Amino acid sequence: MRRSQSGFLVKRVLFFRSSEQKYHCDAVVVACFDHRFDLVLRKFLKRIRVVNPDPIIVAGGAKSLASPEHEADRDFLIDQVGKSIRLHGTDRVVLMLHADCGAYGGHGVFKGDENAEVIHHRNELRRAYSVLMGKFPHLAVECYFVDFAGVWKLDSFGSPEALADAATSAASVTQL
Ligand SMILES: [Zn+2]
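What you see is a predicted model; the values in this text were computed from it and never measured.

Here the focus is the overall build of the protein chain. Across its full length, the protein chain holds five helices and eight strands. Reading the protein chain from its N end, one meets helices and strands in the order β-β-β-α-β-α-α-β-α-β-β-α-β. The buried share among the 176 residues of the protein chain stands at 30%. Considering only contacts in the protein chain between residues 6 or more positions apart, those separated by 24 or more positions represent 70%.

Written as structure tokens, this is what we have:
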């Protein structure tokens, strides 16, 4: 039992030794807190060799960059990425959106049209990508869409031309 400066008593409820070692962050991971995708997210990070992530887990994930409910949400997220860069030398960001996301109104908004949902989220990821690259041009930003069958990578981000191409191409997702 210990008494803090403010006079509150604090009691250890779990004994666990955590590493005090500083670390280099492999990637900031911006994803939704929807627990249905928790397991696939962990497996996926392992697959892309992200061992020490700085996770930013908020409702909607990359939506806060692409189409935030409040402008302050976007600022908050950008600020968090900036802190990860500064504190943990981060140079890679993984942006994620997922199927049936409540922050977008779920499946219902797309009236069961999976293709429309993918196209919508692809555009959102593209917007999130541009916002982040506008702030941190030296970052490597990767965009992924998760559904109930796996994880899909959004390609064609190499150049502004590719970006424009991708806007009109329907086939710019690859499953991982
Ligand atoms: Zn969600």
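Anyway, onward from the coordinates.
Moving on, we get to the environment of G61. Here G61 is to be found in the loop between β4 (53-57) and α2 (63-66). Separated by 28 residues in sequence, G61 and F33 place their C-alpha atoms 7.4 Å apart. The residues touching G61, leaving out its near neighbours within four places in the chain, are V30, A31, C32, M96 and L97.

As a further point, take the nonpolar core. V30 and L95 are the most contacted members of the largest nonpolar core, which totals 37 residues. Elements supplying a minimum of two residues to this core: β3 (27-31), α1 (38-47), α2, α3 (71-88), β5 (92-98), α4 (114-135), β6 (140-147) and β7 (150-154). Setting aside chain neighbours within four positions, we find V30 in contact with I56, G61, A62, L77, V93, V94, L95 and M96.

A word on α3. Counted at 1.5 Å a residue, the expected span for α3 with its 18 residues is 26 Å, and the 26 Å between its end C-alpha atoms agrees. Among all positions of α3, only L77, V81 and S84 are buried. Summarising the axial view, the buried residues of α3 lie within an arc of 55 degrees, below the 170-degree limit, and thus occupy one face. Residues of α3 that are exposed and point more than 90 degrees away from the buried face comprise E71, A72, D75, D79, R86 and L87. In this structure, the buried side of α3 is in contact with β3, β4, α2, β5 and α4. G89 sits one or two residues past α3 and shows a positive phi near 65 degrees.

Our next topic: unusual backbone geometry. In this model, D100 sits at a positive phi of 55 degrees, which is unusual for a non-glycine residue. Backbone geometry places K111, a non-glycine residue, at a positive phi of 50 degrees. The residue K111 is located in the loop between β5 and α4 in this model.

A separate point is the environment of E124. Following the sequence through the fold, E124 ends up in helix α4. Once the C-alpha coordinates of E124 and A62 are considered, the two residues, 62 residues apart in sequence, prove to be 8.0 Å apart. If we skip the residues at most four places from it in the chain, E124 touches A62, K63, A66, S67 and L97.

What follows concerns the pairing of β7. In the sheet, β6 pairs with β7 via five bridges, with the strands oriented antiparallel. From the neighbouring strand, V146 faces β7, where its bridge partner is V151. Between the end of β6 and the start of β7, which pair antiparallel, lie two residues.

Basis of the calculations
- Each chain has its residues counted from 1, running along the sequence as written.
- Only residues with pLDDT of at least 70 are given local features in this predicted model, and only at 80 or more are side-chain atom pairs given and counted; all residues enter the totals for whole chains, interfaces and linings.
- Secondary structure counts use DSSP, requiring at least four H or I residues in a row for a helix and at least two E residues in a row for a strand, with both numbered from the N terminus.
- With C-beta atoms placed from the backbone, a residue is buried if 20 or more other C-beta atoms are within 10 Å of its own, exposed if 12 or fewer are, and partly exposed between those counts.
- Whether two residues are in contact depends on their C-beta atoms, placed from the backbone: they are in contact if these lie within 7 Å.
- Take the buried Ala, Val, Leu, Ile, Met, Phe, Trp, Tyr and Cys residues, join any whose C-beta atoms are within 7 Å, and the set you get is a nonpolar core.
- Expected helix span is taken as 1.5 Å per residue step, with the number of steps being one fewer than the number of residues.
- In this context, the arc is that of the directions from the helix axis out to the C-beta atoms.
- Paired strands are those between which DSSP finds at least two bridges.

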